[in-house]
Amino acid sequence: MTQLDELEFDNVQIDQHGPIAVLTVNRPRALNALNADTLSEIAQAVNMIIEDAEVGALIITGGGEKAFVAGADISEFGDLEGVYDGRELALAGQDVMHQISSLPIPVIAAINGYALGGGLELALACDVRVASAGARLGLPETGLGLIPGFGGTQRLPRLIGTGRALDLILTARQVRADEALAMGLVNYVADNALTKAREVAEAMLKNAPIAVSLVKEAVRRGMDTTLEGGLEIEADLFGMTVATKDFREGVDAFLNKRPAEFQGE
Ligand code: DAK
């Protein structure tokens, strides 16, 4: 099987160290803006990651010093025409974001600079966001005559609430990392976002992989339904964890005062 870090793309790089894969959007000359090729490469890379049983956590970050991703590539906007093109492109971009948000492993955005427009939407598709102290986040689409099209109008209010989301989208303003932290838009602010993201990934990797994956599923599916429906989902998935060997291992390790060694079974 191809090693993940042997995959060659023009605008995306994957590095794998043990169970942590780092996907770097790497077009620093355009502040890592998402052109069609880059989006397609991200989708291909994520597909490879899904199939690699060795990978237990994914970090997504941006190449260069200045940006995570400074949005969709504005130089390609001139080619867009009419309702049909726009709708199709939004659906295609949303598919990539959905593919990321539904990965069965933890996905962490290491926001090392500007995360604007489609770049913030990419970060919103991740489970947890770590921002560097100098990062700037925002959805500037309305200033370009657009609305967010890669999930921003849906994921942002679910994450930070309707009022805060509408403020950010309608003003199109950029927020600094500390404000983003205060509003729950990011989980951590650190001097080095990638280093902190690795620490967070390592903490998650200590836990039982099936439980980690089922928590993601419970939260994701639960957010799209009623409380009652969500509790049903939780009960079903809880039942699945109780049937795992990892549950036995976790209990035995606790009772015997030793670290658990989970096998993902
Ligand atoms: N696209 C293309 N090139 C970009 C870019 C972008 N989003 N952002 C930066 N660049 C390029 C700049 O043009 C510049 O290229 P050169 O002039 O050197 O060739 C280079 O990156 C460095 O940028 P600056 O010189 O501007 O750097 P500064 O430090 O002065 O400013 C900045 C940094 C991030 C404040 C500034 O670059 C900026 O405002 N960038 C644009 C941010 C933005 O508005 N992004 C787009 C958000 S809207 C859709 C679905 C989704 C979307 C669209 C359509 N459909 C379904 C149709 C999403 C839309 C968005 O993401």
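A few points on the structure. (Residues numbered from 1 in each chain as written. Predicted model: local features only at pLDDT ≥ 70, side-chain atom pairs only at ≥ 80, totals over all residues. Heavy atoms only, no water.)

Thoughts on the packing of helix 4 (residues 152–160) against helix 5 (residues 162–171)
The cut-off we apply is this: Fitted lines through C-alpha atoms give the axes, limited to the stretch in contact for helices. The angle between two N-to-C directions lies from 0 to 180 degrees. Helical segments are the DSSP runs of H or I of at least four residues, strand segments are the runs of E of at least two, and each set is numbered from the N terminus. An angle below 35 degrees is read as roughly parallel, one above 145 as roughly antiparallel, one from 65 to 115 as roughly perpendicular, and any other as oblique. The hand of a helix crossing depends on one turn: near helix anticlockwise from the far one by less than a right angle means left-handed, and clockwise means right-handed. Note on contacts: a residue pair is in contact if any heavy atoms of the two residues lie within 4.5 Å. Following the grouping adopted for this structure description, the nonpolar residues are Ala, Val, Leu, Ile, Met, Phe, Trp, Tyr, Cys and Pro, the charged ones are Asp, Glu, Lys and Arg, and the polar ones are all others, Gly among them.
One way to put it is that helix 4 packs onto helix 5 with a least axis distance of 7 Å and a crossing angle of 135 degrees. Here helix 5 runs oblique to helix 4, going by the angle between their axes. Here helix 4 and helix 5 pass one another in a crossing that is right-handed. Taking contact as the criterion, the partners of Gly152, Thr153, Leu156, Pro157 and Ile160 in helix 4 are, on helix 5, Thr162, Arg164, Ala165, Leu168 and Ile169. Residues belonging to the contact of helix 4 with helix 5 are distributed by class as follows: six nonpolar, three polar and one charged.

Digging into the pairing of strand 2 (residues 20–25)
Put simply, the rule is: The classification of residues rests on relative accessible area computed with a 1.4 Å probe and restricted to protein chains. Under 20% of the type maximum is buried, over 50% is exposed, and intermediate values are partly exposed. The rule for pairing is simple: two strands pair if DSSP sees at least two bridges between them. A clockwise path from the first strand over the helix to the second, with the strands pointing away from the viewer, defines a right-handed crossover.
Of all six residues that make up strand 2, six are buried, and the element is covered over most of its length. Alternating positions in strand 2 separate into two faces, Ile20, Val22 and Thr24 on one and Ala21, Leu23 and Val25 on the other, with burial throughout. For strand 1 (residues 12–17) and strand 2, the ladder comprises six bridges, and the chain directions are antiparallel. Bridge pairing links Val12 to Val25 in strand 2. In this structure, strand 2 lies alongside strand 3 (residues 57–62), joined through six bridges in parallel fashion. Each bridged residue has a counterpart across the sheet, and for Val22 the counterpart in strand 3 is Ile59. Between the parallel pair strand 2 and strand 3, the chain is carried across by helix 1 (residues 36–51), and the sense of this crossover is right-handed.

Considerations on the site of the ligand
What counts is decided by this rule: One heavy atom suffices: a residue is near a molecule or strand as soon as one of its heavy atoms comes within 4 Å of it. As used in this structure description, the phrase polar contact means that two N or O atoms lie within 3.5 Å; if the pair is within protein, one of them must be able to donate a hydrogen and the other to accept it, and residues adjacent in sequence are counted only when both atoms belong to side chains. All accessibility values rest on the Shrake-Rupley procedure with a 1.4 Å probe; residue burial counts only the protein chains present in the view.
Taken together, 25 residues lie near the ligand, and Lys66, Ala70, Ala72, Ala90 and Gly118 sit nearest. Lys66 is positioned with one of its side-chain polar atoms (N or O) 2.6 Å from an oxygen atom of the ligand. In this structure, a nitrogen atom belonging to the ligand sits 2.9 Å away from a main-chain N or O atom of Ile74. For the ligand, whose accessible area on its own is 1,100 Å², the fraction buried by protein is 65%. Every element with two or more residues in the shell around the ligand is listed here: helix 2 (82–101) and strand 6 (114–116). A per-class count over the shell around the ligand returns 16 nonpolar, five polar and four charged.

Here we look at the nonpolar core
The cut-off we apply is this: Put simply, a nonpolar core is a bunch of buried Ala, Val, Leu, Ile, Met, Phe, Trp, Tyr and Cys residues held in one set by side-chain atoms that sit within 4.5 Å of each other.
By size, the foremost hydrophobic cluster in this structure holds 51 residues, and its most contacted members are Leu23, Ile100, Ile111, Leu137 and Leu185. In this view, Leu137 contacts Ile111, Ala115, Leu116, Leu120, Arg173, Gln174, Val175, Ala180, Leu185 and Val186; residues no more than four positions away in its chain are not counted. Ranked by size, the runner-up nonpolar core spans twelve residues in total, among them Ile20, Val130, Ala193 and Ala201.

Focus on a nonpolar patch on the surface
Stated precisely, the cut-off is as follows: Patches draw on residues past 30% relative accessible area with no salt bridge. Two like charges within 9 Å are joined, as are two nonpolar side chains (Val, Leu, Ile, Met, Phe, Trp, Tyr) within 5 Å. For salt bridges, the criterion is a side-chain nitrogen of Lys or Arg within 4 Å of an Asp or Glu carboxyl oxygen.
A cluster of nonpolar side chains, Phe247, Val251, Phe254 and Leu255, forms an exposed patch at the surface whose accessible area comes to about 420 Å². With respect to the helices and strands, Phe254 occurs in helix 10 (residues 245–255).

Topic: the sheet that holds strand 4 (residues 67–69)
Taken together, four strands build an open sheet; the order of strands is 4-6-8-9 and the sheet is mixed. The open sheet has two edge strands, strand 4 and strand 9 (175–176), and neither has a second partner. In terms of strand pairing, strand 6 meets strand 8 (residues 136–138) through three bridges, oriented parallel. By the bridge assignment for strand 8, Leu116 is matched with Gly138.

Keep in mind these values describe shape, not function.
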